[in-house]
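# Summary of structural features
Here's the letter readout for the chains.
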Amino acid sequence: MTAANETAVSILRGPESWPFPVVCVTAPARAGLTALGRAWCQKFEGRFYSAQEFSRMREKELSTLAGTYVVIDDADQVKKMDRLLTLINMISANAGRVLLTSRRSPGQWQTSSADLKSRLNALPVIEIDDPDEPMLKVRLEMAARKHFLKLDPEVVKYLVPRLDLSYEAIETFAEKLSERITLTGRAPSVPLAREVLEELGWSDPDQRPLL
């Protein structure tokens, strides 16, 4: 885990000490923000809402969230942004906590409300970085398990210095490897991993792709 990500996790573990009751966490594509939000809710007995679910809430339902811990996943996709302003105001007045997740910084969200725009610009933002090699190894093994694959140590050792340092690359590789195994009936191996890298467009499977 990168130093920045360790700092992010430590902040999320202590919402009671947040200097502001609403925090936004951003991350690259396929970093697992939804899973992070659900885990945070479970740990602090909070309520989890997708952007669509939150957009459908009525004003009376919003009042039940005062003083609670709430996650709004993909918060930048909320259709009725006035509801988000209402929630921020309620939580601020009632000692609750709100965790907003998004792939974009709150300052980039679209809203016609000058008041909400000001609030969003002032929100504390926790940024989840792209993985380093140790985190890539952990996430690669997690992605493999999700597809019911067992990667031998030599396969992992081969892949870690070659896969792009991004969550999206990890997930895409695991999906393609699973598809190739299903089609061919072959077991995961270094030669098969090399073939999948070539299929994904790595011009040189022995070198990490350049950005």
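In this text the structure is predicted, and so the values were computed from the model without any measurement.

About the criteria used
Residues numbered from 1 in each chain as written. Predicted model: local features only at pLDDT ≥ 70, side-chain atom pairs only at ≥ 80, totals over all residues. Heavy atoms only, no water. Core = buried A, V, L, I, M, F, W, Y, C linked by side-chain atoms within 4.5 Å. Buried < 20%, exposed > 50% of the residue type's maximum accessible area, 1.4 Å probe, protein only. Helix = DSSP H or I, 4+ residues; strand = E, 2+ residues; numbered from the N terminus. Contact = heavy atoms within 4.5 Å. Pairing = 2+ DSSP bridges. Axes fitted to C-alpha atoms, helices over the stretch in contact; angles between N-to-C directions. Salt bridge = Lys/Arg side-chain N within 4 Å of Asp/Glu carboxyl O. Parallel < 35°, antiparallel > 145°, perpendicular 65-115°, else oblique. Left-handed = near helix turned anticlockwise from the far one by under 90°. Nonpolar A, V, L, I, M, F, W, Y, C, P; charged D, E, K, R; others polar.

## Things to note about the nonpolar core
The biggest cluster of nonpolar side chains holds 25 residues, and the ones touching the most others in it are F54, L65, I72, L87, L100 and W109. Of all the secondary-structure elements, those providing two or more residues to this core are strand 1 (22-26), helix 3 (51-55), strand 3 (69-73), helix 5 (81-93), strand 4 (97-102) and helix 6 (114-122). The element that contributes the greatest number of residues to this core is helix 5, accounting for 7 residues. Setting aside anything within four residues of it in sequence, one finds L87 in contact with F54, L65, V70, I72 and V98. Core analysis: the second largest hydrophobic core is formed by 22 residues, L140, A193, V196 and L197 among them.

## Side note on the sheet that holds strand 2 (residues 47-50)
Sheet strands associate in pairs through backbone hydrogen bonding, adopting either a parallel or an antiparallel arrangement. The parallel open sheet is built from 5 strands, whose spatial order is 2-3-4-1-5. This sheet does not close on itself; its edge strands, each paired only once, are strand 2 and strand 5 (125-127). Across this sheet, the average inter-strand angle for adjacent strands is 20°, counted without regard to direction. In the sheet, strand 2 pairs with strand 3 via 4 bridges, with the strands oriented parallel. Residue pairing for strand 3: R47 is matched across the bridge by V70. Lying on the sheet, helix 2 (residues 33-44) is in contact with strand 1, strand 2, strand 3 and strand 4; it crosses strand 3 at an angle near 170°. Across the sheet, helix 5 is in contact with strand 1, strand 3 and strand 4; its angle to strand 4 comes to roughly 145°.

## A look at the pattern of salt bridges
Taken as a whole and judged by the stated rule, the model has 12 salt bridges. Ionic pairing is found between R180 and E199, a salt bridge with its closest N-O pair at 2.7 Å. With a gap of 19 residues between them, R180 in helix 9 (residues 167-184) and E199 in helix 10 (residues 190-199) connect regions that are remote in the sequence. Using a relative accessible area of 43% as the deciding quantity, one classes E199 as partly exposed. Salt bridges sharing partners connect three or more residues here, namely R180, R186, E195 and E199.

## Topic: the packing of helix 5 against helix 6
With their axes 10 Å apart at the nearest point, helix 5 and helix 6 run at an angle of 60° to one another. By the angle between their directions, the pair helix 5 and helix 6 is classed as oblique. The handedness of the crossing between helix 5 and helix 6 is left-handed. Where helix 5 approaches helix 6, its residues M81, L85, I88 and N89 are matched on the opposing element by D115, L116 and R119. Grouping the amino acids of the contact of helix 5 with helix 6 by side-chain chemistry returns 4 nonpolar, 1 polar and 2 charged.

## Concerning the environment of A27
Topologically, A27 is positioned in the loop between strand 1 and helix 2. Apart from residues no more than four positions distant in its own chain, A27 is found in contact with L33, S102, R103 and I128.

Note that every value here comes from positions in space, so none of it alone points to a role or purpose.
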